[in-house]
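Chain by chain, the residues run as shown.
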Amino acid sequence: MLVAAAVCPCPPLLVPEVAAGAAPELDRAREACADALGVLAAARPGRLVVVGPAERDGRYAQGARGSFRGFGVDLDVRLGQDGAEEAPEGELPASLAVAAWLLDRAERSVPVEGVAVAEPLAAERCISLGRDIAGATERVALLVMGDASACRTLKAPGYLDDRAAGFDAAVARALATVDIAALKALDAGLAGELLVSGRAPWQVLAGAAEEADLSGTLLYDDAPYGVGYLVATWS
């Protein structure tokens, strides 16, 4: 049963060492993420599952390691600090590495595991995965990583697309109001054109929340660097 969820963006720039001199520009986003993780802790889950976008599907046990060396920073992270002394095989994808960095700064004492979902994964499979996650234990919480569109301004990674602001606003409304149907109905093709990395993880959340009675709060909604970043909680 899903007892709480937090939705956070996953740009490596959330990590101050990666952002370097630009780090203060995302201070509000980091604070919102910290508040969201506090909501997860308050729900006292028996297990935390981190879901994030990646090039391919994968599962990552507690203790799995990730790195920001690919972004020019000598910084390693670990998904949960209480894993086996010898880390499980498989390096965390970037989205789960950012989640591990966030979790390392939050109060938590529950078992954690990571689930990577390939960004093209069909909605039906995302929703089914969410149902499986929620049904696997008595009390489970989700940390859902993913960015909205990367086409909000002329200097955005995907340049300016007039459809981006409307897409992001619809997702923000769905997260704020726990509109599961709206998340399930997100257009995967349009999301791909707008360089949205969060579509598949959000639809995993929609599947996990079907039997839950949760209310939502939108903590952050902005587009620094022309990329939509959303932070929300369901509890």
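Residues numbered from 1 in each chain as written. Predicted model: local features only at pLDDT ≥ 70, side-chain atom pairs only at ≥ 80, totals over all residues. Heavy atoms only, no water.

### A closer look at a nonpolar patch on the surface
On the surface, a nonpolar cluster with roughly 320 Å² of combined accessible area is contributed by L154, Y159 and L160. Looking at the element boundaries, L154 is found in the loop between β7 (140-145) and α5 (164-177). Accessibility expressed as a relative area gives 54% for L154, which makes it exposed. (Patch = residues over 30% accessible without salt bridge, like charges linked within 9 Å, V, L, I, M, F, W, Y side chains within 5 Å. Areas by Shrake-Rupley, 256 points an atom, 1.4 Å probe, with all protein chains shown as cover. Salt bridge = Lys/Arg side-chain N within 4 Å of Asp/Glu carboxyl O. Helix = DSSP H or I, 4+ residues; strand = E, 2+ residues; numbered from the N terminus. Buried < 20%, exposed > 50% of the residue type's maximum accessible area, 1.4 Å probe, protein only.)

### What about the side chain of T233?
Along the chain, the position of T233 falls in strand β9 (residues 229-234). Sequence-distant contacts of T233, defined by excluding residues within four places in its chain, comprise A5, A6, A36, V39, S215, G216, T217 and L219. (Contact = heavy atoms within 4.5 Å.)

### A look at the pairing of β9
Among the six residues in β9, six count as buried, and that is most of the element. Here β9 shows two buried faces, one formed by Y229, V231 and T233 and the other by L230, A232 and W234. Bridge count between strand β1 (residues 2-8) and β9: three bridges; the pairing is antiparallel. Across the sheet, A5 pairs through a bridge with W234, a residue of β9. The antiparallel pairing of strand β8 (residues 216-222) with β9 creates a hairpin that spans six residues between the two strands, and Y225 there sits at a positive phi of about 65 degrees. (Pairing = 2+ DSSP bridges.)

### Comments concerning the state of the cysteines
Considering all chains together, one arrives at zero disulfides under this definition. Looking at the unpaired C10, the closest cysteine sulfur is the one in C8, lying at 9.8 Å. Residue class for C10 comes out buried when judged on its relative accessible area of 8%. Summary of cysteine pairing: C33 is not part of a disulfide, and the nearest cysteine sulfur, belonging to C8, is at 3.6 Å. (Disulfide = S-S within 2.5 Å.)

### Some thoughts on helix α4 (residues 123-135)
An α-helical segment advances 3.6 residues per turn. Residues three or four places apart therefore align on the same side. Relative to the 18 Å expected for 13 residues at 1.5 Å per residue, α4 spans 18 Å between its end C-alpha atoms, a close match to the ideal helical length. If you check which residues of α4 are buried, you get A123, C126, I127, L129, G130, I133 and A134. Summarising the axial view, the buried residues of α4 lie within an arc of 160 degrees, below the 170-degree limit, and thus occupy one face. Among the exposed residues of α4, those oriented more than 90 degrees off its buried face are E124, R125, D132 and G135. (Expected span 1.5 Å × (residues − 1). Arc of directions from axis to C-beta.)

### Observations concerning the sheet that holds β7
Strand order in this open sheet of seven strands is β3-β6-β2-β7-β1-β9-β8, and the pairing throughout is mixed. Here the strands that pair on one side only, and so sit at the sheet edges, are β3 (58-60) and β8. Averaged over neighbouring strand pairs, the angle between their axes works out to 15 degrees when direction is ignored. Sheet analysis places β8 next to β9, joined by six bridges and oriented antiparallel. When the bridges of β9 are listed, Y220 appears paired with V231. Packed onto the sheet, helix α8 (residues 199-208) meets β1, β2 (47-54), β6 (112-118), β7 and β9 and runs at close to 160 degrees relative to β7. (Axes fitted to C-alpha atoms, helices over the stretch in contact; angles between N-to-C directions.)

### Comments concerning unusual backbone geometry
Positive phi, close to 50 degrees, is recorded for R44, a residue that is not glycine. Following the sequence through the fold, R44 ends up in the loop between α2 (27-42) and β2. A positive phi angle is found at L195, which is not glycine, with a value near 60 degrees. By the element assignment, L195 lies in the loop between α7 (188-193) and α8.

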